[in-house]
Amino acid sequence: MALVHRVDLNHVQQMIWQAVAQIPAGQVTSYGTIAKDIGFPNHARYVGATLKKLPSDSRLPWHRVLNSKGAIAFAKGTPQYQEQRLRLEQEGVVFIEGRAQLVG
DNA sequence: TAATTGACCTAAG
DNA sequence: CCTTAGGCCAATT
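Since the model is a prediction, treat every value here as computed from it, not as a measurement.

(A) The overall build of chain A, seen in detail. The number of helices and strands found in chain A is four helices and four strands. For chain A, the N- to C-terminal ordering of α and β elements is α-β-α-α-β-α-β-β. Once the C-alpha set of chain A is aligned to its principal axes, its extents read approximately 55 × 30 × 25 Å. By the burial criterion, 34% of the 104 residues in chain A qualify as buried. Relative to all contacts within chain A whose residues are 6 or more apart in sequence, the contacts with residues 24 or more apart total 58%. Carbon and sulfur atoms make up 53% of the accessible area of chain A, which totals about 7200 Å². Side-chain charges of chain A comprise 12 positive and 7 negative groups, with the mean position of each set lying 6 Å from the other.

Spelled out as structure tokens, the structure:
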């Protein structure tokens, strides 16, 4: 049998979408956490690359995914940063010094 | 085919 | 707190 150690990236993508869809409104997680949760601890970047491909009309809560520091990955001041932050604030997420605050 | 890029992460100064 | 360096890996050039 031809050993196929090759990973099915389509499936990985689906798991990523699934994981992102699970994030409750008003809560956030990180690219690395998602990667770890789906069993691919070294694919934090791939999580970002996957979200990047999302169509603009996607209903997936991509805005609930931040970097390991709890900050928005986009450069401050960019339209994408603004949109993500606005979406989060509309869900009640509070930012202090550019970092989303933990429930508390 | 090789090099570069990127919505990342962590450890170490 | 900040910066640097190394690691990571699919996608793009």
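There is more to say after this.
(B) Expanded view of the nonpolar core. In this structure, Ile16, Val20, Ile34, Val47, Leu51 and Val65 are the most contacted members of the largest nonpolar core, which totals 17 residues. For this core, the elements supplying multiple residues, two or more each, are helix 1 (9-22), helix 2 (31-37) and helix 3 (44-52). If near-sequence neighbours (up to four positions away) are discounted, Val47 is found in contact with Ile16, Tyr31, Ile34 and Ala35. Listed in part, the seven residues of the second largest apolar core include Ile72, Tyr81, Val93 and Ala100.

(C) Representation of the packing of helix 1 against helix 3 within the structure. In contact at an axis separation of 10 Å, helix 1 and helix 3 are set at 80° when each is read in the N-to-C sense. By the angle class used here, helix 1 and helix 3 are roughly perpendicular. Side by side, helix 1 and helix 3 meet where Leu9, Val12, Gln13, Ile16, Trp17 and Val20 of the first sit next to Tyr46, Val47, Thr50 and Leu51 of the second. The class makeup of the residues in the contact of helix 1 with helix 3 is eight nonpolar, two polar and no charged.

(D) Summary view of the protein's contact with DNA strand C. Near DNA strand C the following residues occur: Leu9, Asn42, His43, Arg45, Tyr46 and Lys53. Each atom of DNA strand C within 4 Å of the protein was classed as base or backbone; sugar and phosphate made up 71%. Within the contact set of DNA strand C, a phosphate oxygen lies 3.4 Å away from a side-chain nitrogen or oxygen of Asn42. A distance of 3.3 Å separates a base nitrogen of DNA strand C from a polar side-chain atom of Arg45. Along the lines of polarity and charge, the residues of the surface near DNA strand C split into two nonpolar, two polar and two charged.

(E) Here's a closer look at the pattern of salt bridges. Inspection of the entire model under this criterion finds three salt bridges. With a shortest N-O distance of 2.6 Å, Arg64 and Glu91 are connected by a salt bridge. Here Arg64 is found in the loop between helix 3 and strand 2 (65-66), whereas its partner Glu91 is found in the loop between helix 4 (79-90) and strand 3 (95-96), with 27 residues between them in sequence. Residue classification places Arg64 among the buried positions, given a relative accessible area of 11%. The partly exposed category is assigned to Glu91, whose relative accessible area is 25%. A salt bridge links Glu83 to Arg87; its shortest N-O distance comes to 3.1 Å. You can see Glu83 and its partner Arg87 sitting in helix 4, four residues apart, about one turn around the helix. By relative accessible area, Glu83 is classed as partly exposed at 37%. A relative accessible area of 25% places Arg87 in the partly exposed class.

Criteria and thresholds
Residues numbered from 1 in each chain as written. Chains lettered and ligands numbered in written order. Predicted model: local features only at pLDDT ≥ 70, side-chain atom pairs only at ≥ 80, totals over all residues. Heavy atoms only, no water. Helix = DSSP H or I, 4+ residues; strand = E, 2+ residues; numbered from the N terminus. Buried < 20%, exposed > 50% of the residue type's maximum accessible area, 1.4 Å probe, protein only. Contact = heavy atoms within 4.5 Å. Areas by Shrake-Rupley, 256 points an atom, 1.4 Å probe, with all protein chains shown as cover. Lys, Arg positive; Asp, Glu negative; His and termini not counted. Charge placed at Lys NZ, Arg CZ, Asp CG, Glu CD. Core = buried A, V, L, I, M, F, W, Y, C linked by side-chain atoms within 4.5 Å. Axes fitted to C-alpha atoms, helices over the stretch in contact; angles between N-to-C directions. Parallel < 35°, antiparallel > 145°, perpendicular 65-115°, else oblique. Nonpolar A, V, L, I, M, F, W, Y, C, P; charged D, E, K, R; others polar. Near = heavy atom within 4 Å. Polar contact = N/O pair within 3.5 Å; in protein donor to acceptor, adjacent residues only side chain to side chain. Salt bridge = Lys/Arg side-chain N within 4 Å of Asp/Glu carboxyl O.

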